[in-house]
Amino acid sequence: MTVVALALLVGAGPVTHAQGCRVPEVYLKMPGDLSRTVRLADRGTPVRIMVVGPRIGGPSFSEKKRNRLLQALEQKLPGMDFDLVDEGRGAVPAAKGFEAMREEIATVRPDLVLWQVGTPDALNHADPDALGRTLVQAADWLRAQSIDLILIDPPFVPNVLHEPLYARMVGKIGEVSAQSNINLLRRYAATQHLDNERRKKPSSDVVDAPLQQSCLPDLVAEAIYRAVMR
């Protein structure tokens, strides 16, 4: 029996988020599949995931959040093994990130790349169109290597002066994803939704803002699950 079939039998449903991390399904739905990841899953071969950009859980408690992502993946996709390379590569614009990615992939040899992108470009007032061209180029290059890709756009950061800069980049990332069929986890929309929900309820009933940011491992695991189970 394949891993995908096993996941269906055990009922690893697509709405199983950690408490406080539930978001609308549209933010996790991606246009493309993860063909290499699915192929390895059906073979029973471990999937190596490489994170490009900041650590998947941020600079603090990264080991805890790294383990949280692996545990969430293993819960949703039982019988499937994952190896996460998440060393933290700093915040660099997309063009430099793509250069570093090509060099590192030769060593890491990943099956799936999670690319947190857009924040450095926004803070450096980069041209959104240039960012879009870099993302298309990177996606095409990874496809040629038969490596799966999921982009992760910037988080929503309320009450900061540079928030409008984020919105421009988020819009371009979403546009490129739709036009070029590039997988995208809409973290900006998801964290904005979580912030709106937090403001609606007493603080005792919901997670605070820092904890909302830690939802990323759960959202990534859910997005991967959905793409694999398609």
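Our subject in this report is the structure included herewith.

Reading guide: rules and limits
Residues take numbers from 1 onward in each chain, read along the sequence in its written order. Totals for whole chains, interfaces and linings use every residue, but because this is a predicted model, local features are given only for residues with pLDDT of at least 70 and side-chain atom pairs only at 80 or more, for both listing and counting. Calculated side-chain values reflect all of the structure's heavy atoms, with hydrogen atoms and water omitted. To qualify as a helix, a DSSP run of H or I must reach at least 4 residues; to qualify as a strand, a run of E must reach at least 2; elements of each kind are numbered from the N terminus. The classification of residues rests on relative accessible area computed with a 1.4 Å probe and restricted to protein chains. Under 20% of the type maximum is buried, over 50% is exposed, and intermediate values are partly exposed. Any two residues whose heavy atoms approach within 4.5 Å are treated as being in contact. Per-residue and other accessible areas follow the Shrake-Rupley method at a 1.4 Å probe size, with only the shown protein chains counted as cover for residues. Whether two strands pair comes down to DSSP finding at least two bridges between them. Between N-to-C directions, angles cover 0 to 180 degrees, with each direction set by a line fitted to C-alpha atoms, over the stretch in contact for helices. When two cysteine sulfur atoms are found within 2.5 Å, that pair is recorded as a disulfide. Throughout, nonpolar core names a set of buried Ala, Val, Leu, Ile, Met, Phe, Trp, Tyr and Cys residues whose side chains join them through atoms within 4.5 Å. Given a helix with a known number of residues, its expected span is that number minus one, times 1.5 Å. In summary, the charge assignment counts Lys and Arg as positive and Asp and Glu as negative, without counting His or the chain termini. By definition, a salt bridge exists where a carboxyl oxygen of Asp or Glu is found within 4 Å of a side-chain nitrogen of Lys or Arg. Identification of polar contacts relies on pairs of N or O atoms within 3.5 Å, with a donor-acceptor requirement for protein atoms, meaning one able to donate a hydrogen and the other able to accept it, and with residues adjacent in sequence counted only if both atoms are side-chain atoms.

With that settled, consider the overall build of the protein chain. Scanning the protein chain from N- to C-terminus turns up ten helices and five strands. Sorting the 230 residues of the protein chain into buried and exposed places 49% on the buried side. Contacts in the protein chain between residues far apart in sequence, at least 24 positions, make up 82% of those at least 6 positions apart. Roughly 11100 Å² of accessible area belongs to the protein chain as shown, and the carbon and sulfur atoms make up 51% of that amount.

Right, let's get into the sheet that holds strand E2 (residues 82-85). With respect to topology, five strands assemble into an open sheet ordered E2-E1-E3-E4-E5, the strand pairing being parallel. Every interior strand has two partners, whereas the edge strands, E2 and strand E5 (184-185), have only one. In this structure, strand E3 (residues 112-116) lies alongside strand E4 (residues 148-152), joined through five bridges in parallel fashion. Bridge pairing in E4 places Gln116 opposite Ile152. Contacts from helix H2 (residues 35-43) reach strand E1 (47-52), E3 and E4, with the element oriented near 125 degrees to E4.

Next up on the list: the state of the cysteines. If you walk through the whole model with that rule in mind, you get one disulfide. Through a disulfide, Cys21 is tied to Cys215; the S-S separation comes to 2.1 Å. Between Cys21 and Cys215, the disulfide has an S-S torsion of -80 degrees and is therefore left-handed. Taken together, the positions of Cys21 in the loop between helix H1 (3-10) and H2 and Cys215 in the loop between helix H9 (209-213) and helix H10 (216-229) put the pair 194 residues apart, joining distant regions of the chain.

With five of six residues buried, E1 lies mostly within the body of the structure. Bridging between E1 and E2 involves four bridges; their strand directions are parallel. Across the sheet, Arg48 pairs through a bridge with Asp83, a residue of E2. Pairing analysis gives four bridges linking E1 to E3, with the strands arranged parallel. Paired with Val52 across the two strands is Trp115, which belongs to E3.

Turning our eyes to something else, we now look at the nonpolar core. Counting 37 residues, the largest nonpolar core has Ile49, Leu114, Leu185, Val220 and Ile224 as its most contacted members. When residues of this core are traced back to their parent elements, those giving at least two are H2, E1, helix H3 (62-76), E2, E3, E4, helix H8 (187-200) and H10.

Our next topic: H8. Side chains three or four residues apart in an α-helix point the same way, a direct result of the helix having 3.6 residues per turn. Taking 1.5 Å per residue, 14 residues should reach 20 Å; H8 reaches 20 Å between its end C-alpha atoms and fits that length. Every buried residue belonging to H8 is among Arg187, Tyr188, Ala189, Ala190, Thr191, Leu194 and Asp195, and all of these are buried.

Before going further, it helps to examine the side chain of Asp121. Along the chain, Asp121 turns up in helix H5 (residues 119-123). For the buried Asp121, which has no salt bridge, the nearest side chain bearing the opposite charge is Arg168, at an N-O separation of 10 Å. Polar side-chain contacts of Asp121 include one of 3.1 Å to the backbone nitrogen of Ala94. Setting aside anything within four residues of it in sequence, one finds Asp121 in contact with Pro93, Ala94, Ala126, Leu131 and Met169.

This paragraph deals with the environment of Phe98. Here Phe98 is to be found in helix H4 (residues 94-108). Considering only alpha carbons, one finds Phe98 and Leu135, 37 residues apart in sequence, at a separation of 8.4 Å. Beyond its immediate stretch of four places on either side in the chain, Phe98 contacts Trp115, Thr134, Gln137, Ala138 and Trp141.

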